[in-house]
Amino acid sequence: MSGRNAAPPGRSGAHFLRPRFAAEIVRSTGVGPHDLVLDLGAGLGALTAPLAATGARVIAVEREPSYARRLTARFADWPGVRVVSADLLAVPLPRRPFRVVANIPFATTAALLRRLLDGGVPSLLRADLVVEYGVAKRLTGPPRDGAARRVAVRNDIQIVRALPPACFRPPPGVTAALVVIRPYPLSPAAARRLTRLLALVDRQPGRAVRKLVPGPVAWRAVGIDPAQPAGSVTPQGWRALVMG
């Protein structure tokens, strides 16, 4: 699913945000003139236009060449919009603080979330993403594996609203959701310690946490039973441990 407001012929499997809902999403983000925003999978600019209207600097990333050409033509006179014809999974990400507001192609969801949220993009301030509702529920539920644990420990993830099929043209077969993701501020030292800890947990999720983290630790103070399996510690517990 991609942030597009019209369905050009020959593009199968695409569902395009209706302009009304694209505008509502942008208003909910609070994006303003001082923000740098990436619209990943920009399509024909359903989100790009209202984002640019806020005064933000917008980088619209679109892999489909025909869409990229049409985006370039549409926003030729918008000085705050830069169109980049590239794969959203490979395009270089800004080093300066930036935000993402995007209705991403569903097929890229898992890979893009790993890229943005797994600790490798310290300049990301916030991401407002349209994803499948089932994905949104998994993101906000208990982690099911190591990858989900790393994302949950490092990020605050909230479902803002459901987006029924009628929000798109043509309507998809599933409900979508808008999720807001805010990375937790971690010092470089805390981030490194967290990376080491979670790697140990991935390898030995059934081992007692006191065996993985030796030395004097105020386990109870951070809500962790030292005898419990490491894989059962909540994201909040690991965060409190490295930040304490």
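Residues numbered from 1 in each chain as written. Predicted model: local features only at pLDDT ≥ 70, side-chain atom pairs only at ≥ 80, totals over all residues. Heavy atoms only, no water.

To continue, consider the overall build of the protein. A count of helical and extended segments in the protein gives 9 helices and 9 strands. For a compact globule of 244 residues, the expected C-alpha radius of gyration is about 18 Å, and the protein comes in at 20 Å, within 12% of that figure. Referenced to the eigenvectors of the C-alpha coordinate spread, the extents of the protein come out at roughly 60 × 35 × 25 Å. Taking the contacts inside the protein whose residues are at least 6 apart along the sequence as the reference set, 64% of them involve residues at least 24 apart. As presented, the protein carries roughly 11500 Å² of accessible surface, and 55% of it is formed by carbon and sulfur atoms. (Helix = DSSP H or I, 4+ residues; strand = E, 2+ residues; numbered from the N terminus. Rg over C-alpha atoms; globule rule 2.2 N^0.38 Å. Contact = heavy atoms within 4.5 Å. Areas by Shrake-Rupley, 256 points an atom, 1.4 Å probe, with all protein chains shown as cover.)

This paragraph deals with the side chain of Arg99. As for its placement among the helices and strands, Arg99 is situated in strand β5 (residues 98-103). Here Arg99 falls in the buried class, since its relative accessible area comes to 8%. Beyond its immediate stretch of four places on either side in the chain, Arg99 contacts Thr29, Gly30, Val31, Asp35, Leu36, Val37, Leu38, Leu124, Leu125, Arg126 and Asp128. (Buried < 20%, exposed > 50% of the residue type's maximum accessible area, 1.4 Å probe, protein only.)

Here the focus is the pairing of strand β4 (residues 81-85). Relative to β4, strand β3 (residues 57-62) runs parallel, the two sharing 5 bridges. Within β4, the residue paired with Glu62 across the bridge is Ser85. Regarding topology, helix α3 (residues 65-74) serves as the crossover connection from β3 to the parallel β4, and that connection is right-handed. (Pairing = 2+ DSSP bridges. Right-handed = clockwise from strand over helix to strand, strands pointing away.)

What follows deals with the confidence of the model for the protein. Taken residue by residue, the protein gives an average pLDDT of 90. The fraction at 70 or more is 93%. For the stretch residues 1-12, pLDDT sits under 50, and the model shows 54 contacts to residues farther than four places along the chain or on other chains. (pLDDT = per-residue confidence, 0-100.)

Attention now moves to the pattern of salt bridges. Counted under the stated rule, the structure contains 9 salt bridges. As a salt-bridge pair, Arg161 and Glu24 come within 2.9 Å of each other at their nearest N and O atoms. Of this pair, Arg161 sits in strand β7 (residues 155-163) while Glu24 sits in helix α1 (residues 19-29), and the two are 137 residues apart along the sequence. The class for Arg161 is partly exposed, based on a relative accessible area of 27%. The class of Glu24 is partly exposed, set by a relative accessible area of 21%. Connected via shared salt-bridge partners are Asp35, Arg99, Arg126 and Asp128. (Salt bridge = Lys/Arg side-chain N within 4 Å of Asp/Glu carboxyl O.)

Under the definition given, this model contains 1 aromatic pair. Pairing Phe75 with Trp78 gives two aromatic rings, centres 5.3 Å apart and planes at 80 degrees, and the pair type is edge-to-face. Take Phe75: its relative accessible area is 3%, and that puts it in the buried class. Accessibility expressed as a relative area gives 35% for Trp78, which makes it partly exposed. Against the face of Tyr184 rests Arg239, its NZ or CZ located 3.9 Å from the ring centre. (Phe/Tyr/Trp six-rings, centres within 6.5 Å; stacked < 30°, edge-to-face > 60°. Lys NZ or Arg CZ within 6 Å of the ring centre and 35° of its normal.)

A few words now on the nonpolar core. Side chains of a nonpolar character, in soluble globular proteins, are inclined to be buried together. Ranked by internal contacts, the top residues of the largest apolar core, which has 30 residues, are Leu40, Phe98, Val100, Leu129 and Ile181. When contributions to this core are tallied by element, the ones reaching two or more residues are β2 (36-40), β3, β5, α4 (109-117), β6 (124-132), α5 (133-140) and β9 (176-183). Excluding its chain neighbours within four sequence positions, the residues that come into contact with Phe98 are Leu36, Leu38, Leu93, Val121, Ser123, Leu124, Leu125 and Arg126. Formed by 27 residues, the second largest nonpolar core is a distinct cluster that contains Phe21, Val31, Val81 and Leu163. (Core = buried A, V, L, I, M, F, W, Y, C linked by side-chain atoms within 4.5 Å.)

Moving on to the environment of Arg161. Sequence separation between Arg161 and Val31 is 130 residues, and the spatial gap between their C-alpha atoms is 18 Å. Residues within four places of Arg161 in sequence aside, it is in contact with Phe21, Glu24, Ala177 and Leu178.

At the junction of Arg169 and Pro170, the peptide bond is cis and its omega measures out at -10 degrees in the coordinates. Turning to its location among the elements, Pro170 is positioned in the loop between β8 (168-169) and β9.

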